[in-house]
Amino acid sequence: MCFEVNEAALSDTRSEQVWCNIKFNDESIIVGCIYRPPFADCEINSEINRSIGYASHLCSSSSSKSLLVAGDFNFPDISWSQDGGLCTNKGRPSSLEFLNILGKNFLTQH
């Protein structure tokens, strides 16, 4: 079964994102799909980071114990590998903040 996550912090945003809770057997996972435009402003970047942090918080305080975040984040200065992401050159502040929020919430690249 799948249900949309009806949390204001995840649905009342300017950025394009959708969140759902998928339940199967006794397991539950929160899944988010996010689109970040290539030239997103600081407000959209902060909003995406807050959403990821809030979804992670939901996992620690609800029956959902897993989180999957997918999407098109359009950070051309992040080089992804199986070990995670690294900024090329010095990296833009928005890219560094995005990598920081992923690390703070123990999210890894798959």
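As annotated in an unreviewed UniProt entry, the chain is RNA-directed DNA polymerase from mobile element jockey-like from Brachionus plicatilis.

Glancing now at the overall build of the chain. Scanning the chain for helices and strands turns up 3 helices and 6 strands. Going from the N terminus to the C terminus, the chain shows its helices and strands as β-α-β-β-α-β-β-β-α. Whereas a compact globule of 110 residues would reach a radius of gyration of roughly 13 Å, the chain reaches 14 Å, a difference of no more than 12%. Here the C-alpha coordinates of the chain stretch approximately 45 × 30 × 20 Å along the principal axes. When burial is assessed residue by residue, the chain has 38% of its 110 residues classed as buried.

Strand order across the open sheet formed by 4 strands is 1-2-3-4, with mixed pairing between neighbours. Looking at which strands have only one partner, the edges of the open sheet turn out to be strand 1 (2-4) and strand 4 (66-72). Taking each pair of neighbouring strands and ignoring which way they run, the sheet shows an average axis angle of 25°. Sheet topology places strand 3 (residues 27-35) next to strand 4; 7 bridges connect them, and they run parallel.

Our focus in this paragraph is the environment of His57. Residue position: His57 is located in helix 2 (residues 42-60). Distance in space between the C-alpha atoms of His57 and Leu67 is 9.9 Å, their sequence separation being 10 residues.

Counting residues in hydrophobic clusters, the biggest one holds 22 residues, and the most contacted among them are Trp19, Ile30, Ile34, Ile52, Leu67, Ile78 and Phe98. Counting only elements with at least two residues in this core, the list comes to strand 3, helix 2 and helix 3 (93-104). At 6 residues, helix 2 tops the list of elements feeding residues into this core. In contact with Phe98, not counting residues within four places along its chain, are Asn49, Ile52, Phe73, Phe75, Ile78 and Trp80.

With that out of the way, let us pick up the side chain of Ser56. In this structure, Ser56 sits in helix 2. Apart from residues no more than four positions distant in its own chain, Ser56 is found in contact with Leu67 and Asn105.

It is possible for side chains bearing opposite charge to pair when their charged atoms get close. Applying the stated criterion to the full structure yields 3 salt bridges. Salt-bridge contacts for Arg14 lead to Asp41; the nearest nitrogen and oxygen are separated by 3.0 Å. Here the residue Arg14 occupies a position in the loop between helix 1 (8-11) and strand 2 (16-24), and Asp41 occupies one in the loop between strand 3 and helix 2, the gap between them amounting to 27 residues. Overall, the relative accessible area of 46% leaves Arg14 in the partly exposed class. Looking at Asp41, the relative accessible area reads 34%, which means it is partly exposed. A salt bridge links Asp77 to Arg92; the nearest nitrogen and oxygen atoms lie 3.6 Å apart. Taken together, the residues Asp77 in the loop between strand 4 and strand 5 (78-81) and Arg92 in the loop between strand 6 (84-87) and helix 3 connect sequence positions 15 residues apart.

Calculation notes
Residues numbered from 1 in each chain as written. Predicted model: local features only at pLDDT ≥ 70, side-chain atom pairs only at ≥ 80, totals over all residues. Heavy atoms only, no water. Helix = DSSP H or I, 4+ residues; strand = E, 2+ residues; numbered from the N terminus. Rg over C-alpha atoms; globule rule 2.2 N^0.38 Å. Buried < 20%, exposed > 50% of the residue type's maximum accessible area, 1.4 Å probe, protein only. Pairing = 2+ DSSP bridges. Axes fitted to C-alpha atoms, helices over the stretch in contact; angles between N-to-C directions. Core = buried A, V, L, I, M, F, W, Y, C linked by side-chain atoms within 4.5 Å. Contact = heavy atoms within 4.5 Å. Salt bridge = Lys/Arg side-chain N within 4 Å of Asp/Glu carboxyl O.

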